Amino acid sequence: MTDALHILKVALDVPLDRVFDYKTDNPNTQIGQYVVVPFGARKMIGVVVGVSDTSSIESKKLKSIIRLDPEVIFDEESFKLFQFCSQYYHYPIGQTILSAVPSRLKKLNTRAMVKKYLYRLTPKALQLGVDQLPPRQTILKRIVVALIDAKELDEASLRSISSTWKKSIETLDEMGWIEKNEATLDDKVYKEAPIPLLNSDQQEALDAILEKKQKFAPWLLYGITGSGKTEVYIRLIEEALKKEHAQVLVLVPEINLTPQLESRFRSRFEKFTLVTLHSHLTDNERLTHWRLAKEGTAQIIIGTRLSIFTPMPHLSLIIIDEEHDASFKQQEGLRYHARDVAIFRAKSENIPIVMGTATPSLETWFNATKTKDPKKFGFLKLSSRAVEDSTLPEIKCIDISKSTVLKGFSPYLIDAIRDRLNKKEQSLIFINRRGFAPVLLCASCQWTGKCHRCSSRLVVHLNQKRLRCHHCGHDEKMPQQCPSCGNTDLYPTGLGTQRIEETLKELFPEARILRVDRDSTKTKEALNDLFLKMKNREIDILIGTQMLSKGHDFPYLSLVGVLDTDQALYSPDFRASERLFSQLMQVSGRAGRANIKGEVYIQTAFPNHPLFEALKTHDYEHFANELLKERALAELSPFVFLVLLKAEAHQLTHVMQFLNEAMIKAQNLSHQITVYNPVRPMMERLKGMERAQLVLQASSRVALQKLLEEWVLYLRENKLGQKVKWVVDVDPLEF
Ligand code: ADP
Ligand code: ZN
Ligand code: ZN
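Being a predicted model, the structure only gives us computed values, none of them experimental.

Engineer: So what about the sheet that holds strand β21 (residues 475-477)? Which residues, and what values?
Structural biologist: With respect to topology, three strands assemble into an open sheet ordered β19-β20-β21, the strand pairing being antiparallel. The open sheet terminates on both sides in strands that have one partner only, identified here as β19 (459-461) and β21. Ignoring strand direction, the axes of neighbouring strands in this sheet form an average angle of 30°. With three bridges joining them, strand β20 (residues 466-468) and β21 adopt antiparallel strand pairing. Within the sheet, the bridge partner assigned to R468 lies in β21 and is D475.

Engineer: Tell me about the coordination of the zinc ion (ligand 2), residues and numbers included.
Structural biologist: Donor atoms from the polypeptide that bind the zinc ion (ligand 2) are C442 (SG), C445 (SG), C482 (SG) and C485 (SG), placed at 2.2 to 2.3 Å. If you look at the zinc ion (ligand 2), its four donor atoms make angles of 106 to 112° with each other, and the shape they trace is tetrahedral. Relative accessible area serves as the criterion here: at 30%, C445 is assigned to the partly exposed category. By relative accessible area, C485 is classed as partly exposed at 38%.

Engineer: If you had to explain the side chain of N367 to someone new, which residues and values would you point to?
Structural biologist: Topologically, N367 is positioned in helix α13 (residues 362-369). Among residues more than four places away in sequence, those in contact with N367 are K375, K376 and F377.

Engineer: Can you explain the pattern of salt bridges? Please cite residues and give values.
Structural biologist: Applying the stated criterion across every chain yields a total of 42 salt bridges. One salt-bridge network, held together by shared partners, links K396, D419, R420, K423, E425 and E599.

Engineer: Quick one: what's the story with the site of ligand 1, residue by residue and with numbers?
Structural biologist: Around ligand 1 sit 17 residues in total, of which L197, Q202, G226, T230 and R264 are the nearest. One of the backbone N or O atoms of S227 is found 3.3 Å from an oxygen atom in ligand 1. T230 is positioned such that a nitrogen or oxygen atom in its side chain is 2.5 Å from an oxygen atom of ligand 1. For ligand 1, the accessible surface in isolation is 550 Å², of which the surrounding protein chains cover 76%. With three residues, helix α9 (residues 229-240) is the largest single contributor of residues to the shell around ligand 1.

Engineer: How would you summarise the nonpolar core if you had to cite specific residues and measurements?
Structural biologist: Nonpolar side chains tend toward joint burial in soluble globular proteins. Ranked by internal contacts, the top residues of the largest apolar core, which has 115 residues, are I308, F309, I318, L584, L696 and W711. Ranked by the residues each element gives to this core, the list is headed by helix α22 (residues 701-717), at seven residues. If near-sequence neighbours (up to four positions away) are discounted, L584 is found in contact with F430, V562, I602, L611, F612 and L615. Among the nonpolar cores identified, the runner-up in size contains 31 residues, and L221, V248, L257 and F269 belong to it.

Engineer: Account for α13, with residues named and values stated.
Structural biologist: Counting buried positions along α13 yields eight of eight residues, so the element is predominantly enclosed. Residues of α13 that are buried include every one of L362, E363, T364, W365, F366, N367, A368 and T369, and no others. Looking at the buried residues of α13, the elements they touch are β9 (217-223), α12 (338-349), β15 (378-382), α18 (576-588) and α20 (620-634).

Engineer: Pulling in residues and values, what's your account of the packing of α9 against helix α10 (residues 259-268)?
Structural biologist: Two packed helices can be described by the angle between their axes and the distance between those axes. α10 packs onto α9 with a crossing angle of 40° between their chain directions and a minimal axis gap of 11 Å. The pairing of α9 with α10 is recorded here as oblique in orientation. Every pair of crossing elements has a handedness; the one defined by α9 and α10 is right-handed. Residues T230, E231, I234, R235, I237 and E238 of α9 lie in contact with α10, whose contacting residues are R264, F265 and R268. The class makeup of the residues in the contact of α9 with α10 is three nonpolar, one polar and five charged.

Engineer: A description of the environment of N668 should follow, citing residues and the corresponding values.
Structural biologist: Mapped onto the fold, N668 is located in helix α21 (residues 652-669). A sequence separation of 192 residues divides N668 from E476, and the C-alpha atoms of the two residues are 48 Å apart.

Engineer: Requested: an account of the sheet that holds strand β14 (residues 352-357), with residues and values cited.
Structural biologist: Reading across the sheet, the seven strands line up as β11-β12-β10-β13-β14-β9-β15 and stay open at both edges, with parallel pairing between neighbours. The open sheet terminates on both sides in strands that have one partner only, identified here as β11 (274-277) and β15. Each adjacent strand pair in this sheet contributes to an overall mean axis angle of 20°, direction not counted. In terms of strand pairing, strand β10 (residues 247-251) meets strand β13 (residues 315-321) through five bridges, oriented parallel. Bridge pairing in β13 places V250 opposite I319. Seen against the sheet, helix α8 (residues 200-211) touches β9, β14 and β15 and runs at an angle of roughly 160° to β15.

Cut-offs and rules
- Residues numbered from 1 in each chain as written.
- Chains lettered and ligands numbered in written order.
- Predicted model: local features only at pLDDT ≥ 70, side-chain atom pairs only at ≥ 80, totals over all residues.
- Heavy atoms only, no water.
- Pairing = 2+ DSSP bridges.
- Helix = DSSP H or I, 4+ residues; strand = E, 2+ residues; numbered from the N terminus.
- Axes fitted to C-alpha atoms, helices over the stretch in contact; angles between N-to-C directions.
- Donors = N, O, S within 2.8 Å, 3.2 Å for Na, K, Ca; no water.
- Tetrahedral: all angles 85-135°; square planar, octahedral: opposite > 155°, others 65-115°.
- Buried < 20%, exposed > 50% of the residue type's maximum accessible area, 1.4 Å probe, protein only.
- Contact = heavy atoms within 4.5 Å.
- Salt bridge = Lys/Arg side-chain N within 4 Å of Asp/Glu carboxyl O.
- Near = heavy atom within 4 Å.
- Polar contact = N/O pair within 3.5 Å; in protein donor to acceptor, adjacent residues only side chain to side chain.
- Areas by Shrake-Rupley, 256 points an atom, 1.4 Å probe, with all protein chains shown as cover.
- Core = buried A, V, L, I, M, F, W, Y, C linked by side-chain atoms within 4.5 Å.
- Parallel < 35°, antiparallel > 145°, perpendicular 65-115°, else oblique.
- Left-handed = near helix turned anticlockwise from the far one by under 90°.
- Nonpolar A, V, L, I, M, F, W, Y, C, P; charged D, E, K, R; others polar.

In structure tokens:
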């Protein structure tokens, strides 16, 4: 060979766990650059993961790359992270990388820097105030209230108040109420918050973490909502940013990344560049923020789970807020857990990682309190609410087996709501998210509407008179009479948020009621809208499934009513009670602030259940320790490590054959692993596909990983794989 060859190892978004060789005549290509390459008859986008001068493929047969993008999109540290994820979650390297970089980049778009504007009120507007606005202009009013609150807002925050914000800003501009300034990313001015003196718990936590200097150390910061965890994060960040080059990553659940949290951080870090990374940003914003992080310009990055993969050359500290939150686990594609990946990253970069929560996941609780010395995680506790005049709400159980219940409401709860209405205070009616939707039932033959594609019941949407499958979206007209017996006496059963709303409207016709369901809490806009309405006292009763957002005080909310949660107490999912406890803790935390005492009423047929006993005394620790004992006896996580193989196909026989072969293979590969029989999940059919799954369980993570290496290769080669769609979920959260 005369000419030196430049061979690129390219990772592609294909379900094969290998990289592909291509030629290039550019000797300066680097790892982390995007390329377009021929793949079969197609062109594909790939990422360079290696540069070499040899290939096992004959040079004549090697194809050349078509295009090279100049931007290097990840560094060595990120590449280590991708490799770890690919190996640990047994997901092909190319797909791992391509699911972890911003999608805009995948399209090979050129650089885009968005112009940003900041809006504030003119002195005239501030003088006149909200009352001078024309009546019934609620959006206008909300925007002005928000601007008074925050002094200055960017477009993203305005958009989160209303999708029609532009029109309102124009109106305000015509009135001479608004000033618009072009923003550079770091010159925002936010409302100054008074900086509190740390209490002794906070100081101890801070000192303990700082004492370890800049070395790897994982910490659990445990303390109820309002105990001052965020204040500790802020002090830690201040310390970290004293270094000349430093970056801090703050991971939060999607639902918690609200403009309020953002502005709290901004007000404390005015001199620093802070960016957010989450799915509600436009592609352009996301790309700009991501690049600021990658280039080391952004010093504080607040982001949701995917941001753990962002390259940050000067990363010095990772903070995970609400460590227990299930949204840190990705439920499709690369099924990573951002907390676990973050711990790996912190270790690899030798930096501290602080995980804060009021209700740690049992795995984290175990790591911080129960493992032999030295404990895996350092344990830090904030034992009381930081603001002196706020108290914990009183929690009461209403025994619905002994009380009459009117369409879901016991008389005690109805009285309590009425009492709040009289006092002009607010109530929140909470129902557990899982499985409490109304179904249509025939009174004479017990017929219920079922989805023909899934093993689920159709949910009644009374307003639209439709039946809908919440799993596949199937939608049909609500029948007038029973399809099975012809009876016209069909009625919806079960407590859906809609039925609760109807009932409350009947009971309290004068009350202003707002229902927030799963879909409407998904967007930041809806959430922000809700918080503003609550703050402005435009709502008397809030009905919802998960208003658990952090950083929001509802100052006038003094009652939380919890309707039927009993199925979670006896759910086949072993994590159901852990989740219920943390949900109820959080939702209880919404009630009672400052001078209004909060009350929580839980309607249950099992008022003496240990979960409620622990909740009444706000005793997570006791509850967690009892649960750990149960888990130890039952051999469940965190005492064992689990892997779930999920499979689906049009024909059940194919699924079962595939899983049976997989089971036998696993049994042959290792005797240290318990391999369970294939079973049908709760949702046996989904979108017309038959489903089944099997679980592997081991007391040694190493042994389990060793088996997986061979087992997944075997699964990939199994001929049935053409008919059967399957995924391997390492450390599954849902079964
Ligand atoms: P958490 O993150 O645990 O929910 P925060 O840090 O948000 O708690 O604190 C709750 C409230 O108490 C905030 O309004 C915060 O400003 C205030 N706060 C925090 N620490 C102190 C302190 N040491 N003294 C007085 N107020 C404090
Ligand atoms: Zn019938
Ligand atoms: Zn369906």
